[in-house]
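Here's the letter readout for the chains.
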Amino acid sequence: TMQSSGHRFRDVEHHPLLADNDSYDSSSSEADMAERVWFIRDGCGMVCAIMTWLLVVYADFVVTFVMLLPSKDFWYSVINGVLFNCLAVLALSSHLRTMLTDPGAVPKGNATKEYMDNLQLKPGEVIYKCPKCCSIKPERAHHCSICKRCIRKMDHHCPWVNNCVGEKNQRFFVLFTMYIALISAHALILCGFQFFSCVRGQWTECSDFSPPVTVILMIFLCLEGFLFLTFTAVMFGTQIHSICNDETEIERLKSEKPTWERRLRWEGMKSVFGGQPSLLWINPFAGFRIRRLLLRAKKGGPEFSV
């Protein structure tokens, strides 16, 4: 039977071989999985992910073709167009990396007798086995019912990125929320200027579209921008707070008492974003290798079919 989280932390001693940075690779099949592209085939998640892209594309369409291109101010259009599109590319790139990055899954089915014997446990030493995916569960790992796996330092499962947010992809999720909040704020500011300009010019030569169509498109963009700005700004703040406190959202909701030594705030940030503060922290392309991705795709395609 599965123990409660509190009972687990009182009675379970995690073996050094099961530290958060370790992985199980005793079989070639498990080793091969690490070389495959990570993708969760969840219907709801895929619909939400597609909707996210469509909403960003819609915002880019309205900003570019309804507000900026018809503008008589050349530099206003160029500067805002380049800025908005760069932020949109960074947001969608962060979304892709969050969705296609292994969040820190524990190898499924590694709780075998052979592997247990290799651990050389001391008498009375206890390890925790997840009965749902038959894996040896490291400290701070939680089982995701959608991914069907135990995820190291699992924060939550987000349908908008069709993936869990965990140890290995939290950085990209934070960047995704930050860039979506920025382009939402930018779109709202542009809408404000555009409404003012259109009203002052009595809607003549305000846009290449008719006034009713222009108003409808901009109203939908304002609603989208306001909702996305509110949601992603709150999520961004929550994630930064969790990183600084070295506590996942699941651990906070379950009020789990930490059995690990909590990192200091900057240590937590450096652990998630990697190294000393630099521009690489806000670069979703950092560490990305196209050649490696192509090789992984050739070796077996998506790792999961959930």
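What you see is a predicted model, and the numbers here were worked out from it, not measured in a lab. The numbering scheme is per chain: residues are counted from 1 as the chain's sequence reads. A pLDDT threshold of at least 70 governs which residues receive local features in this predicted model, and a stricter bar of 80 or more applies before side-chain atom pairs are shown or counted, although totals over entire chains, interfaces and linings include all residues. Calculation of side-chain values draws on the structure's entire complement of heavy atoms; hydrogens and water are dropped beforehand.

Elements are defined by DSSP. Helices are runs of H or I of four residues or more, strands are runs of E of two residues or more, and each kind is numbered from the N terminus. In terms of regular secondary structure, the chain is built from ten helices and six strands. Out of the 306 residues in the chain, the part that is buried amounts to 45%. Here the contacts in the chain between residues at least 6 apart in sequence split such that 74% fall between residues at least 24 apart. Each accessible area value is a Shrake-Rupley result obtained with a 1.4 Å probe; residue values ignore everything except the protein chains displayed when judging cover. Here the chain has roughly 16,600 Å² of accessible surface; of this, 64% comes from carbon and sulfur atoms. To sort residues, take the accessible area from a 1.4 Å probe on protein chains only and compare it with the maximum for the residue type: under 20% means buried, over 50% means exposed, and anything in between is partly exposed. Note on contacts: a residue pair is in contact if any heavy atoms of the two residues lie within 4.5 Å.

All axes are obtained by fitting lines to C-alpha atoms, using only the stretch in contact for helices, and the reported angles, taken between N-to-C directions, cover 0 to 180 degrees. At a minimum axis separation of 11 Å, helix α3 (residues 43-68) and helix α6 (residues 170-200) run at an interaxial angle of 30°. By the angle between their directions, the pair α3 and α6 is classed as roughly parallel. Where α3 crosses over α6, the handedness of that crossing is left-handed. When α3 is examined against α6, the residues T52, V56, V63, V66 and M67 are found in contact with a partner set consisting of F176, I180, I183, A187, L190, C191 and Q194. Class assignment of the residues belonging to the contact of α3 with α6 gives a composition of ten nonpolar, two polar and no charged. Here the word oblique covers every angle except those under 35 degrees (roughly parallel), over 145 (roughly antiparallel) and from 65 to 115 (roughly perpendicular). Rotating anticlockwise by less than a right angle from the far helix to the near helix defines a left-handed crossing, while the corresponding clockwise rotation defines a right-handed one. Residues are grouped as follows: nonpolar covers Ala, Val, Leu, Ile, Met, Phe, Trp, Tyr, Cys and Pro; charged covers Asp, Glu, Lys and Arg; every other residue, Gly included, is treated as polar.

What you see with strand β3 (residues 141-144) is no split at all: A141 and H143 on one side and H142 and C144 on the other are buried throughout. Two strands are said to pair when DSSP picks up at least two bridges between them. Here four bridges tie β3 to strand β4 (residues 149-152), and the two strands are oriented antiparallel to one another. Bridged to C144 within β4 is R149. The hairpin formed by β3 and β4 contains four residues between the paired strands, and K148 there has a positive phi angle of roughly 65°.

A few words on the UniProt feature "transmembrane region" (unreviewed entry) in the chain. UniProt positions are given in the numbering used here, feature names are shortened, and annotations may be inferred rather than shown by experiment. What UniProt calls "transmembrane region" (unreviewed entry) maps, in this numbering, to residues 43-68, 74-92, 172-195 and 215-236. Measuring from the first to the last C-alpha atom of residues 43-68 gives 36 Å, for a span that is 100% helix and 0% strand. Secondary structure content for residues 172-195 is 100% helix and 0% strand, and the end C-alpha separation is 34 Å.

Following the sequence through the fold, N163 ends up in strand β6 (residues 163-165). Identification of polar contacts relies on pairs of N or O atoms within 3.5 Å, with a donor-acceptor requirement for protein atoms, meaning one able to donate a hydrogen and the other able to accept it, and with residues adjacent in sequence counted only if both atoms are side-chain atoms. Among the polar contacts listed, one links the side chain of N163 to the backbone oxygen of T98, at a separation of 3.0 Å. Residues contacting N163, with those up to four places away along its chain left out, are W38, I40, T98, M99, T101, P103, C147, H157, C158 and N169.

Moving on: a nonpolar patch on the surface. Residues F61, F65, L69, F209 and V213 make up a contiguous nonpolar surface patch of about 430 Å² in total accessible area. Along the chain, the position of L69 falls in the loop between α3 and α4 (74-100). Patch membership needs two things, relative accessible area over 30% and no salt bridge, and members are linked within 9 Å if like-charged or within 5 Å if nonpolar (Val, Leu, Ile, Met, Phe, Trp, Tyr). Any carboxyl oxygen of Asp or Glu within 4 Å of a side-chain nitrogen of Lys or Arg constitutes a salt bridge here.

Here the focus is helix α7 (residues 211-245). The periodicity of an α-helix, 3.6 residues per turn, causes residues three or four positions apart to be oriented the same way. The span you would expect from a helix comes to 1.5 Å times its residue count less one. For α7, with 35 residues, the first-to-last C-alpha span of 50 Å sits near the 51 Å given by 1.5 Å per residue. D246 lies just past α7 and shows a positive phi near 50°.

Let us look at unusual backbone geometry. Positive phi, close to 50°, is recorded for N162, a residue that is not glycine. By secondary structure assignment, the location of N162 is in the loop between β5 (156-158) and β6. Taking relative accessible area as the criterion, N162 reaches 0% and is therefore assigned buried. Phi angles above zero are rare outside glycine, and D246 is one such case at about 50°. Here D246 shows up in the loop between α7 and α8 (249-253). With relative accessibility at 5%, the residue D246 sits in the buried group.

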